[in-house]
Amino acid sequence: MNLFAGPIETFFDYLGHVLCRNRFKTLFISLICIIILSLFLPMLKVDTSWEGMLHKDDPYRVAYNQFRDQFGRDEIIIIAVESSNIFEENFLKKLKSLHETLESKVPYLEEVRSLVNARNTLGKDDTLYVDDLLKDWPDKKIDLKTLETQVMNNPVYLNNIISEDGNVTALIIETQAVISEDNNEDDILDDFEDTGTSTETLEKSNRTQHYFSEKENKEVVSAVENIIEQYTGDDFPISYTGGPIIELAMNRTVLEDLKLYIIITYITIIFFLYALFRRIAGIVLPLIVVFASLLCTMGILGASGVPITQMTAVLPSILSAVGTADAVHILAIFFRQFKKGTSKEEAISYSLSHSGPAVVMTSLTTAAGFMSFAFSELSTTSQMGLFAAIGVIIALIFTVVLLPALLAIIPLKHKPPGSQDKNIKRMDSFLIAHADFATNHPFKITIVSLMMLIVFTGCLFLLRFSIDVLEQLPEKKDAKKDAIFIAHALKGSLPIEVIIETGKENGIHDPDILKRIEHFSREIEKIHTPDIFVGKVFSITDIVKETNQALNGNDHAFYNIPEDKSMIAQELLLFENSGSDDLEKVVDSQFSKARITIKLPYVDIVDIYRFVTDINGRLEKQFSGKADFTITGMGSLMGRTLTASLHSMTRSYIIVFFVISIMMVVLVGSLKYGLVSMFPNVLPIIIVMGAMGALGLPLDLNALMMGSIAIGLVVDDTMHFMYNFRKYYNLTGNVQTSVRETLLGTGRAMLITTIVLSSSFYVIVCGQLRTTVIFGCATGTVIALALLSDFVFAPALMKIITRDK
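Residues numbered from 1 in each chain as written. Predicted model: local features only at pLDDT ≥ 70, side-chain atom pairs only at ≥ 80, totals over all residues. Heavy atoms only, no water.

Visitor: Please explain the pairing of strand E12 (residues 593–600) as it appears in this structure.
Guide: Each regular strand displays side chains that alternate between the two surfaces of the sheet. Counting buried positions over the eight residues of E12 gives seven, a clear majority of the element. Bridging between strand E10 (residues 494–501) and E12 involves eight bridges; their strand directions are antiparallel. When the sheet's bridge partners are listed, Ile496 is paired in E12 with Ile598. Direction of pairing for strand E11 (residues 536–538) relative to E12: antiparallel, over a ladder of three bridges. Its bridge partner being in E12, Val537 is matched across the sheet by Ile598. (Buried < 20%, exposed > 50% of the residue type's maximum accessible area, 1.4 Å probe, protein only. Helix = DSSP H or I, 4+ residues; strand = E, 2+ residues; numbered from the N terminus. Pairing = 2+ DSSP bridges.)

Dropping the structure here:
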């Protein structure tokens, strides 16, 4: 038996007496802490951006920030208008009106691009003119048929501001990449307002600035939505998409799900607490502990400036379940003693000394399971692990400090020993049946369990990693339907950026470099597989070819890159002096760097990762020894999450298994029993993940965390079982009797806490995001199977490795 058990139990017995005698002081101090931390709740924010998933010093995020500093924001909003009469006067007038309204009413605007102001590069009398396509229209009449021919024959327009069939036209909104402090004075936030924190502050011209964040994104999208509502109609159907739209849709869905999780979780907890205790105190006290823990944890989250993400959105459900489980183990023993006629103070001290050590160890193992994520390469995973661990420790503190004080304060009536209802008797019969079955058939149970372990381990190789942003959104969301429509009509809206760096001034003037850029662009435009395709590629070569054509009598035969470097430099100078600022978006001021923008549809990030790997190889081949390159942009960040999550989860699984194994050995006081007790915990996780592989369910970021989270939770019941089994075995010397007494003593609490825990994850199935639905269902099932494993497999193992004295 553990040498530390005696002193620890003595400490908790003493703590119980101290808390009873200082109950009002304890309550007052607890209330002060809760109130102070609750004041930070209004600072809670939501951020589901891809750059927010990475740490600020991640090389991919650093490269992305450098790109934004140089070329601006790559995420755009695409507003698509469908019509078979796009080149008719009435339609173009309404399109121009929409364009002008967007320019005047959308905040943080950099530019709106459409047919109204599309770049029109022409040469006349050896002079280059770069004007808006509809510059003087409708004051100056133009031939709309000629306009249609001109637009449909311009390769830069196609799949950009006009679809290939000419039935969909687009308005593209580009926002500022960097927001000055003057534009961010309003710090008053509504509760749980979806304003993000994926921002880094910049110091420019002695002025604090930050990158475009969720706060600005919400303002922009709200303005766009209001304008679209004014203009949309049967003759002017509008769809809109882009990173900002999808991001805000995710934020709103996360908030909706968060509120739903909290409501259903508390209803579930109340129901099962009543079924266990049949006392108002048995319901109210655990809820107070849970609510206090949740307020403090979310307050710390708000105070730290860490946002709510898809991962941290499940914190309320997790912490509510964990806090309830802790309280139930204490209350189960307290009411059992109190029913026997023991004084309240003695019952409190006994319940703390009996269950306190196990509750502490189970909380520490749960916290260890979450803390294994703290070193993740993904910022969101790291934050979820850290704050979940903090929440678990806070719930532990309130359980062993606030709960006993509340028990000492509130009046409780003694119930006669014979008042145990039929439900409790049926539960005891159920527990005894499992104890006898496990100890009477230990070898059969162990053989079947090991066979299942082997079979489902084989199914693990069928698991596939998948994160499809659009598939996560529910079907009813317009953001999903519009994104699919625009991906079909205009070939996508997800940007991947490539920066070509020559390392010398005017290096981009080199015809060889430009031709390599052109060759690379035309090569990847041919990529079209069932999984991914390239919708459009933009670069400086488009401007060079347009300018060369215009200066050669607008002859399409000259739509190419000149062979002479000085001619290229001269043509670009003429373009720059024409008044257009388009060059700033594709090259730096020294002409040493050039930008290539690749437009893709939103697809699975596994396919995006493969695509980025593919173009990396093509760039190596094309520019090796000629120029350096960097792949960045939103698509690249999405691909980065794949490798980061896989590396992080592998590390997390190793850490959590190692740490919890050590803690189990320490609690049980035996290396043999501690290591053997891990089998009932690992088996349910392998069964569920193997079943996911067999059923073809995808393994996404949340599902990948399931194993580490689950083992930190399910080991709690095993610890209670093993701790009490060893205690009863030292008293009785009989395995079957020890198993019976263990299940009768802590089995009820294990059963109810497991029901509460699993139900708290099953309520996530009511959410809208597919990734959290799968996570909730899988984790809830692991917890339920783990209880069965503790009731059957663990006793069978104890029967095999333990001899009767």
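Visitor: Can you help me understand the packing of aromatic side chains in this one?
Guide: The description of an aromatic ring pair uses the distance of the two centres, along with the angle that the planes make with each other. This model, assessed by the stated rule, comprises 12 aromatic pairs. Ring geometry for Phe11 and Phe12: centres 5.4 Å apart, planes at 70°, overall edge-to-face. Note on Phe271 and Phe272: the rings are 5.1 Å apart at their centroids and 80° apart in plane angle, and the pair reads as edge-to-face. A residue is classified by how much of its surface remains accessible, and Phe272, at 18% relative accessible area, is buried. Of the aromatic side chains, those joined through ring pairs into one cluster are Tyr64, Phe67 and Phe71. Its guanidinium or amino end placed over the ring of Tyr211, Arg68 lies 4.1 Å from that ring's centre, counting from NZ or CZ. (Phe/Tyr/Trp six-rings, centres within 6.5 Å; stacked < 30°, edge-to-face > 60°. Lys NZ or Arg CZ within 6 Å of the ring centre and 35° of its normal.)

Visitor: Looking at this model, I keep getting lost on helix H19 (residues 605–623). Mind explaining?
Guide: The periodicity of an α-helix, 3.6 residues per turn, causes residues three or four places apart in sequence to face the same way. A rise of 1.5 Å per residue sets the reference length of H19, with its 19 residues, at 27 Å; its end C-alpha atoms lie 26 Å apart and thus fit the reference within 8%. Turning to H19, its buried residues are Ile605, Val606, Asp607, Ile608, Phe611, Val612, Ile615, Leu619, Gln622 and Phe623. Contacts from the buried residues of H19 go to E10, helix H16 (511–524), E12, strand E13 (628–632) and helix H20 (634–668). Sitting at the head of H19, Asp604 places a side-chain oxygen 2.9 Å from the backbone nitrogen of Val606. Backbone geometry just downstream of H19 places Gly625 in the positive-phi region, at approximately 80°. (Expected span 1.5 Å × (residues − 1). Contact = heavy atoms within 4.5 Å. Polar contact = N/O pair within 3.5 Å; in protein donor to acceptor, adjacent residues only side chain to side chain.)

Visitor: Even after reading the chapter, I still don't get the sheet that holds strand E5 (residues 168–175), so can you show me in this structure?
Guide: The strands making up a sheet associate through backbone hydrogen bonding, with each pair oriented either parallel or antiparallel. Pairing within the open sheet is antiparallel, and its four strands lie in the order E2-E5-E1-E9. Of all the strands in the sheet, just strand E2 (109–113) and strand E9 (238–242) have a single pairing partner and so form its edges. Averaged over all pairs of adjacent strands, the angle between strand axes in this sheet comes to 20°, irrespective of strand direction. The sheet contacts of helix H6 (residues 214–231) involve strand E1 (76–82), E5 and E9, and relative to E1 the element is tilted by about 10°. Running at roughly 85° to E9, helix H7 (residues 243–277) makes contact with E1 and E9 of the sheet. (Axes fitted to C-alpha atoms, helices over the stretch in contact; angles between N-to-C directions.)

Visitor: Sorry, what's going on with the sheet that holds E10 here?
Guide: Within the open sheet, the four strands sit side by side as E11-E12-E10-E13. Their pairing is antiparallel. Only two strands of the sheet have a single partner each, and these edge strands are E11 and E13. Here the average twist between neighbouring strands, direction ignored, is 15°. Of the pairings in the sheet, the one linking E10 to E13 comprises five bridges and is antiparallel in character. Residue pairing for E13: Ile500 is matched across the bridge by Phe629. Relative to the sheet, H20 contacts E10 and E13, its axis offset from that of E10 by approximately 100°.

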